[in-house]
Amino acid sequence: MTDTATTRTLAHPGPAEIRLEAVLHALSDPIRLSIVRDLAATPDELACSYFDLPVTKSTTTHHFRVLREAGVVRQTYRGTAKMNGLRGAELEGLFPGLLDSVLAAAAAEEARRAGRKVPAK
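In this report, the structure presented in the accompanying data block is examined. If you're wondering where the values come from, they're calculated on a predicted model, not measured in any experiment. (Residues numbered from 1 in each chain as written. Predicted model: local features only at pLDDT ≥ 70, side-chain atom pairs only at ≥ 80, totals over all residues. Heavy atoms only, no water.)

## Re the sheet that holds strand E1 (residues 46–47)
Here is the rule: Pairing between two strands is assigned when DSSP locates at least 2 bridges connecting them. Only DSSP runs of H or I reaching four residues or more are called helices, and only runs of E reaching two or more are called strands; each is numbered from the N terminus.
Judged by pairing direction, the sheet is antiparallel, and its three strands sit side by side in the order E1-E3-E2 without closing on themselves. Taken across any chain shown, the strands that pair with only one partner, and hence form the sheet edges, are E1 and strand E2 (73–78).

Right under this line is the structure:
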């Protein structure tokens, strides 16, 4: 069996195919936003199994698919693990400041809900 026969690839939109409304939709779900926040906190790719999400495996798969198809994450297989990386640089090039603003707003909301003071900019 050759490497070509065993390589699995997933479809990702190219930069020209990434739509703002799809990105906003993907980021609008609290579970997907938590995935993006975790990915944004590290330069490394993270396996799907890294995420401890309060949903079933099939629902977890759905959330990752929505993020991938919107162009928010890039997924690759490494052995049997599906690795996830944030497409931060691509999103910044397409929608300057969007991802940083959403992540900052999510952090501020989390702090507000926890009763912590939000640092001023």
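From this point, things continue past the structure.
## Some remarks on the nonpolar core
The condition that has to hold: Only buried residues count toward a nonpolar core, which is a set of Ala, Val, Leu, Ile, Met, Phe, Trp, Tyr and Cys residues joined through side-chain atoms within 4.5 Å. Burial status follows relative accessibility: with a 1.4 Å probe on protein chains alone, a residue under 20% of its type maximum counts as buried, one over 50% as exposed, and anything between as partly exposed. Two residues form a contact once any of their heavy atoms are found within 4.5 Å.
In this structure, Ile 35 and Val 72 are the most contacted members of the largest nonpolar core, which totals 23 residues. The set of elements that each furnish at least two residues to this core consists of helix H2 (20–27), helix H3 (30–40), helix H4 (57–70) and helix H6 (98–113). Here this core gets five residues from one element, more than from any other, and that element is H3. In this view, Ile 35 contacts Phe 51, Leu 53, His 63, Phe 64 and Leu 67; residues no more than four positions away in its chain are not counted.

## Considering the pattern of salt bridges
Quick reminder of the rule: Here a salt bridge means any side-chain nitrogen of Lys or Arg lying within 4 Å of a carboxyl oxygen belonging to Asp or Glu.
Taken as a whole and judged by the stated rule, the model has eight salt bridges. Residue Glu 45 is joined to Arg 78 by a salt bridge in which the shortest nitrogen-to-oxygen separation is 2.6 Å. Here Glu 45, found in the loop between H3 and E1, pairs with Arg 78, found in strand E2; they are 33 residues apart in sequence, far enough to count as distant. Looking at Glu 45, the relative accessible area reads 30%, which means it is partly exposed. Here the residues in one salt-bridge network are Arg 74, Arg 87 and Glu 90, joined through shared partners.

## Digging into the packing of aromatic side chains
Using the following cut-off: Two aromatic rings, drawn from Phe, Tyr or Trp (for Trp, its six-membered ring), form a pair once their centres lie within 6.5 Å of each other, and the interplanar angle then sorts them: stacked below 30 degrees, edge-to-face above 60, tilted otherwise. When the NZ atom of lysine or the CZ atom of arginine is within 6 Å of a ring's centre and also within 35 degrees of its normal, the charge is said to sit over that ring.
This structure, assessed with the given rule, holds two aromatic pairs. With centroids separated by 5.2 Å and ring planes inclined at 85°, the aromatic side chains of Tyr 50 and Phe 51 adopt a geometry described as edge-to-face. Note that Arg 8 overlies the ring of Tyr 77, its terminal NZ or CZ placed 3.7 Å from the centroid.

## Describing the pairing of E2
Of the pairings in the sheet, the one linking E2 to strand E3 (residues 81–86) comprises six bridges and is antiparallel in character. Counted as the bridge partner of Arg 74 is Gly 85 from E3. In this structure, the hairpin formed by E2 and E3 is closed by a connection of two residues, where Gly 79 is found at a positive phi of approximately 65°.

## Some thoughts on the packing of H3 against H4
Going by this rule: Only the stretch in contact is used when a helix axis is fitted, and all axes are lines through C-alpha atoms; the angle between N-to-C directions ranges over 0 to 180 degrees. An angle below 35 degrees is read as roughly parallel, one above 145 as roughly antiparallel, one from 65 to 115 as roughly perpendicular, and any other as oblique. Helix crossings get a hand from a simple test, with the near helix turned counterclockwise from the far one by less than a right angle marking a left-handed crossing and a clockwise turn marking a right-handed one. Gly is put with the polar residues, along with every residue not named as nonpolar or charged; the nonpolar set is Ala, Val, Leu, Ile, Met, Phe, Trp, Tyr, Cys and Pro, and the charged set is Asp, Glu, Lys and Arg.
In contact at an axis separation of 10 Å, H3 and H4 are set at 70° when each is read in the N-to-C sense. Of the possible angle classes, the one that applies to H3 and H4 is roughly perpendicular. Between H3 and H4 lies a crossing whose hand is right-handed. Across the interface between the two elements, Ile 31, Arg 32, Ile 35 and Val 36 of H3 pack against His 62, His 63, Phe 64, Val 66 and Leu 67 of H4. Classifying every residue of the contact of H3 with H4 by side-chain character gives six nonpolar, two polar and one charged.

Purely geometric stuff here, so don't read any function into it on its own.
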